[in-house]
Structures are given as structure tokens and as C-alpha cells.
Amino acid sequence: MEGKIQYDLVPGSVPTIVQRGKMGPSRDVLGDVTNTVLHRTSPAHPVVSSEVPRKMSSPARPKMSTQSRKLCELPQLDISSVHLLDSTDLEFELTSDESEMCVDDEKCDPTFEPATEEITSSSSGSSLSVEDLNESSFIVYCQCLNELLAGVRCIKCDKQCMITNTYMKGSSLTVYFQCSNFHDFQWSTQQSSGRFPHGNLQIAAAALFSGQNYSVLTQFAALLGLRFLHRTSYNAIQSSHLFRLVNDAWNSHQSELLETFKGKRVCLAGDGICDSPGFSAKYGTYTVMDIQTNVILGFHVTQCTETSSSVHMEKHGLEKCLGHLQDNEVTVDVLATDRHVQIRKYLTDKWPDINHQFDVWHLAKSVGKKLSKKSKQKGCERLSTWIKSVVNHLWWCCATCDGNGDVLVEKWLSIVHHVCNRHVFPGHHVTECCHGRLEPTVERKTKWLKMQSPEHQALTNVVTNKLLVKDIRQLTLFCHTGALESYRALLLKYMQKRIHYSLEGMIARTQLAALDHNHNVNRAQATVKTGSRKGEKRFRTEFSKLSKSWIAKKMYEKKSYEYLEILMEKTLETEKLNCTRPNRRSLPPNISRNEKPRKEIIVQGRVSRFGK
């Protein structure tokens, strides 16, 4: 590293060069920050190689402002601490104390049998090879750094050096030395090839790629006393480097996907999500997913100023998604959505060749809510015992209709006879229940409804509703968007609804969520690795607040974030290329349609109900 002292670190020593390393393939982008902090090296008595390296350049000292300069006297630096630039995924085994913070496999699965091999724990005094040090980052305390730099000698005359100045830029520290013969040189904790030190670039990148927010990370750094980026630098790095990097990665990935679907007829699921709860959303994100492979084929982020109001953003997003697929020669055969009125009319008018199906889950949820509301009416209390059965009956009808809408409708309407213990009834396609003859014990214990009773009449009104019966005909292909709902939950990791982002930030974070989903979709179920039950499928148990019972859920293999490793490596390359932000759509700078008055006028017009 030209112009910087290279210190040899021996096993067990306190590292002074804070360097970003690679991430493990199955960890979160930021790695285990807490575990890194817990492995603090005692600031006293660091083990330092006594041999001072000789290869060092003497660059000219840059001009610094008075506020940036911090004078130090040997051997103490007049700074609060030296700070971690970014956490890394060190391949350390967890000690007994740290293991309490991890998911206990034995609690998740009582039948889990841990490995019998002895786990070798790594303490603060464990040895690391040179390769490990080159791929790692460390927290370095100011006292330890002082002790190390106190022994620096001049590279020209071998005289003892003293510290003349220190300069901090975000998480980077630069120290200026001078010997008694007035030879000057400098040493920095980070490399820098452009505007920003490498550590600052990678902090901003790791924060964005992991879906974290600046306010959370600054509070985390403040509690630990770590040097961190200023918000201005953080935003500048995102705008000039990271947004372009993420955009290129998503465009490349999407192009490969659309190339595989080119010329094919696909079955899609589509749904929209707003950036904030309520009816005053600024952004709307519409996503389309292939039902067969569960991969995200495209999305569109709409700002409310692009439409007449926020309620039209979902239709606008779908229009853009379908247009993009058409431009790439992907034919949409089936599209499953919720029962959005605008989308229903839009597809009927503009895309009549698309078979518009409704999501079974959404419609079943609607039926359950209506029955629950009816069961709370006076005289209809017994209807509550049939709500779950009626909803399950709808799922069964859609799964067994063989794509025939008439059969689906008749199977659905047969429930009004079944609840009254009448299992043979008139019809064209369905004339009796498919469950066969009931056991006498089951028939006697079932709480049947009486024909034309208030609860039966309430059930009939819901089941035979004309609009519902019409919509049920659009469930013939048994399309459900469960995978898309799971993706929406993942999207909230990158875009919290309580935090405002710029349009570029919304697009970049949606692209990261789509990359995360597509690179980890359809993971295999985890299996027991060792023991007598090796190879068996793993489950975790939890209590469902909805069903009021214990349920079992599958456990899947760990996620892979290799694509983020590539992005992190490209982060430093973008600094050299001096990238700019992606092309921005021509939108108003503010969603307000009125010109902003002066701040003094707004403050004078402020009125509080509490007189404050």
C-alpha cells in the first residue's frame, strides 16, 4: 500500500490495519457484528513485531482545515477511539456464551441430534494465518494503536518519529509522522483510490445490501463508540456508486431470466404493495412472479405523482410490467391477482387474451371474514363452528374442478345442503357429496344447522352472493400467490413502511429484495446432518395465534449470498470508474401540487390542539 506503513502482525497481536474481508456464503451481508464486538482484544500489552518495515513512501502532506486537524503528542493520539470499518464473516466457532444468541436447533426440533465431534472454540488469543488476516477486519482500540505507533522509526534515517497530526474521514484515520531530521510521512488505516476511503465505501454498501437503515447503524455505532460515516457522505456514496451497481446487477439478472422465458407462454401472479400504511401512499410497487418457478420476472415502482391519485398506482404498475414482458417477447397466458376492480377492468379491455384468474387465498380470506361477521349477529352464533369448514370447502372445490367453471360453482353451492346433513341434492354436474356415507358417531356429534334457520340463512346469503359466485368462476386453475406473499414479507426487510426513501432508494432496495428472493428460491428442506436420524427432514414447531394450536413448519437450508460478495467486490471498482446514478424519471421534486411557501410562513401558521 503506497504511502502507508505495512506492519507485520504475529498470531495473537492487536491488528492495526482495518481491512474489509470476504463474507461467508451463508451469512447476512453485515455478518455477525455482535460476535465481532464480543471478541475484543484487551487493550493492554499488545504483542507487536519489533522489526519496523523499511518500504515506505513520503507523499506530500495534504492541506487540512482547522476543524479537521487534531494535534497529538507522542505516544498518545488525541482521539476517542479507532473504529471498525465494517464487520466481516470470520469463520470463528462460537463459544458457549455466544451460542446462546443463536437459534437452538434442539428447541426448534426436539428430535435434533447435534454432532458428536468436539467443537474447537476460538478465543481472542487464537492464531490466524497471513491469509486469514488479509481477509479480515478488526476493532482496534486507541490505546493499542498508540502503543504500536510509539515505536515507529523514520524510513530514511531510522530516527524515532513523533506524531504531528491526525486526520479522520468517516471511519478512516490518517496519522502524520515527523522525525528529528524533519522527514515527513503518513500512514492510514484504509486504502483510498478516489473520493472515499475503501472502508467508507464498503460500510455504505454493506448497509444498503443488507437492507439496513442509516439511523439504526449510527445508533449502533454510537453505543459502541465507533467512528461512522456522516449522512452526507453516506447519501453521496449511495447516489454516485451503489444505486448504479445494484441497478446493473438486477438488469443483468433480469435479462438472463427473460431470455429463458422468451417465446414461451407463462402463468404469472401479480400483486402490489404500498410504501406506507393507509390511503396516503407515495410509492406503489407492483411485482409479477412466475407461478411455476416462483421467480420474480419484473416489478415497477410508481410514484403517486405519475397517476391521478395513489389508488391508481397498482394498475399503473401492472401496465408497466406487462409492457416490459411484451417488449421481451414473453407471452402472458394466465395472470392471477386479487379482486382489484381497476385491474379487472384493465385486463378485460386491454389484454383480453390473458386468462385472468383470482387468487384462491384472497377470496377464501374474504369469505371467512364475511362469515365471521355474520356469526356475531344475534341468533347466528352456531355459524362460527362452520367457518373453517366452509373455507376449506372452497379450497377443495378449486382443486378438484378440473378447470370447469360450472362444476366449481355447483360444488361450492352444495355446502348449503351439507351443513344441514343433506348429502343428496339436485344439480347438473354435482348431485351428491363426495365424502361418502358418514359414520354414525361423526353424524351424531356434528353440530348440523337447521334448514331455513337464521344461521343457515346467513350462510346461504354469503355462499350464493351473485358477485361471489361470478368471481368463483375465475378460480378454475387453482392459482394461489403464497410465494408472492412470502416475497412481500422479504421486501419489508429492505423497505420498512415507516421509513421514507427516495425514488432511487425504493428502486434499488426492491431490486435487492428481488435478487435475494431469486437466488434463494425453492431451497431444499433441511435435514439432520449427524446421528441416528441422519437424513431425516427437519421441522420447527410454533404456536399459531390464528388457529390456537401448535403447528409444524419446515426448516430450509441456509440462504446463499454469493451474489452480494460479487457486489461488494465491485464496490471498489465503481469508485475507480466514478459511476453516476441511474437515469432518473422526470418527476416533480415533491408530491405536493402546491408551491412551497417560505419556512417562516409555515411556522407562523402552525397550530397545536394542546396550545404548544
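Residue numbers restart at each chain and count upward from 1, following the sequence in its written direction. Residue-level local features of this predicted model are given only where pLDDT is at least 70; pairs of side-chain atoms are given and counted only at 80 or more, and the full residue set underlies all totals for whole chains, interfaces and linings. Heavy atoms from the whole structure form the basis of all side-chain values; hydrogens and water molecules are not counted.

- By the naming in an unreviewed UniProt entry, the protein chain is Transposase, taken from Mya arenaria.

## Digging into the overall build of the protein chain
1) Next: The way it works is that DSSP assigns letters per residue, a run of H or I at least four long becomes a helix, a run of E at least two long becomes a strand, and they are numbered from the N terminus. Assigned secondary structure in the protein chain consists of 20 helices and 11 strands.
2) Next: In this analysis, two residues are considered to be in contact whenever any of their non-hydrogen atoms come within 4.5 Å of each other. For the protein chain, the proportion of contacts with a sequence separation of at least 24, taken over those separated by at least 6, is 70%.
3) Next: Only carbon and sulfur atoms are counted for the fraction: they give 51% of the accessible area of the protein chain, which is about 33800 Å². Per-residue accessibility takes into account occlusion by the displayed protein chains alone, with areas from the Shrake-Rupley method and a 1.4 Å probe.

## Concerning the packing of aromatic side chains
1) Next: Only the six-membered ring of Trp is used, alongside the rings of Phe and Tyr, when aromatic pairs are assigned; centres must lie within 6.5 Å, and planes under 30 degrees apart are stacked while those over 60 apart are edge-to-face, with the rest tilted. Under the defined criterion, the tally for this structure stands at eight aromatic pairs.
2) Next: Seen from their ring centres, Phe-177 and Phe-185 are 5.1 Å apart, and the 20° between their planes marks the pair as stacked. Side by side, Phe-177 and Phe-185 carry an identical accessibility label, which is buried.
3) Next: Pairing Trp-386 with Trp-448 gives two aromatic rings, centres 5.8 Å apart and planes at 35°, and the pair type is tilted. With a gap of 62 residues between them, Trp-386 in the loop between helix H10 (360-375) and helix H11 (387-400) and Trp-448 in the loop between helix H14 (440-445) and helix H15 (454-463) connect regions that are remote in the sequence.
4) Next: Taken together, the aromatic side chains of Tyr-214, Phe-228 and Tyr-234 make up a single cluster linked through ring pairs.
5) Next: Charge-over-ring placement is defined geometrically: NZ (Lys) or CZ (Arg) within 6 Å of the ring centre, and within 35 degrees of the ring normal. Above the face of the Trp-396 ring, Lys-411 is positioned so that its terminal group lies 4.6 Å from the ring centre. Using a 1.4 Å probe on the protein chains alone, a residue whose accessible area is under 20% of its type maximum counts as buried, one over 50% counts as exposed, and one in between counts as partly exposed.

## Side note on the pattern of salt bridges
1) Next: Whenever a carboxyl oxygen of Asp or Glu lies within 4 Å of a side-chain nitrogen of Lys or Arg, that contact is scored as a salt bridge. Applying the stated criterion across every chain yields a total of 13 salt bridges.
2) Next: With a shortest N-O distance of 2.5 Å, Arg-488 and Asp-271 are connected by a salt bridge. Of the two residues, Arg-488 is situated in helix H17 (residues 482-494) and Asp-271 in strand S5 (residues 265-274); the sequence distance between them amounts to 217 residues.
3) Next: Among the ionic pairs, Asp-406 bridges to Arg-473, the shortest N-O distance being 2.8 Å.

## Some thoughts on the packing of helix H5 (residues 198-209) against helix H7 (residues 231-260)
1) Next: The contact between H5 and H7 brings their axes to 10 Å, and the two run at 65°. Between H5 and H7 lies a crossing of right-handed hand. Within the contact between the two elements, H5 uses Asn-200, Leu-201, Ala-204, Ala-205, Ala-207, Leu-208 and Phe-209 and H7 uses Tyr-234, Ile-237, Gln-238, His-241, Leu-242, Phe-243, Leu-245 and Val-246. As a rule, the C-alpha atoms of each element are fitted with a line to give its axis, helices using only the stretch in contact, and angles between N-to-C directions run from 0 to 180 degrees. Here a crossing is taken to be left-handed if its near helix is turned anticlockwise relative to the far helix by less than a right angle, and right-handed if that turn runs clockwise.

## Structural notes on the sheet that holds strand S7 (residues 296-303)
1) Next: At least two DSSP bridges between two strands are needed for those strands to be called paired. Pairing is mixed across the open sheet formed by five strands, whose spatial order is S7-S6-S5-S8-S9. With partners counted over all chains shown, the strands left at the sheet margins are S7 and strand S9 (355-358), one partner each. The sheet shows a mean angle of 25° between the axes of neighbouring strands, direction not considered.
2) Next: Summarising the sheet, strand S6 (residues 283-290) and S7 pair through seven bridges and their orientation is antiparallel. Bridge pairing links Val-288 to Gly-298 in S7.
3) Next: Sheet strands in contact with helix H8 (residues 313-327) are S5, S6, S7 and strand S8 (331-337), and its direction is about 140° off that of S7.

## Observations regarding the pairing of strand S2 (residues 161-169)
1) Next: Sheet analysis places S2 next to strand S3 (residues 172-179), joined by eight bridges and oriented antiparallel. Pairing of Ile-163 across the sheet is with Phe-177, part of S3.
2) Next: The hairpin turn running from S2 into S3, its antiparallel successor, is two residues long, and Gly-170 in that turn takes a positive phi close to 65°.

## Description of the packing of H11 against helix H12 (residues 405-413)
1) Next: At a minimum axis separation of 9 Å, H11 and H12 run at an interaxial angle of 160°. Taken together, H11 and H12 sit at an angle that is classed as roughly antiparallel. When you trace H11 past H12, the crossing you get is right-handed. Here Val-390, His-393, Leu-394, Trp-396, Cys-397, Cys-398 and Thr-400 of H11 lie close against H12, whose contacting residues are Leu-408, Lys-411 and Trp-412.
2) Next: Side-chain classes follow a simple rule in which Ala, Val, Leu, Ile, Met, Phe, Trp, Tyr, Cys and Pro form the nonpolar group, Asp, Glu, Lys and Arg form the charged group, and the remainder, Gly included, forms the polar group. Class assignment for the residues of the contact of H11 with H12 results in seven nonpolar, two polar and one charged. The labels follow the angle: roughly parallel below 35 degrees, roughly antiparallel above 145, roughly perpendicular from 65 to 115, and oblique for the rest.

## Some points on the side chain of Asp-338
1) Next: As for its position among the elements, Asp-338 is in the loop between S8 and helix H9 (341-350).
2) Next: Charged residues are defined here as Lys and Arg on the positive side and Asp and Glu on the negative side; His and the ends of the chain fall outside this count. The side chain of Asp-338 is buried and forms no salt bridge, while Arg-488, the nearest opposite charge, is found at 6.2 Å.
3) Next: Aside from chain neighbours lying at most four places away, what touches Asp-338 is Asp-271, Glu-314, Phe-358 and His-362.

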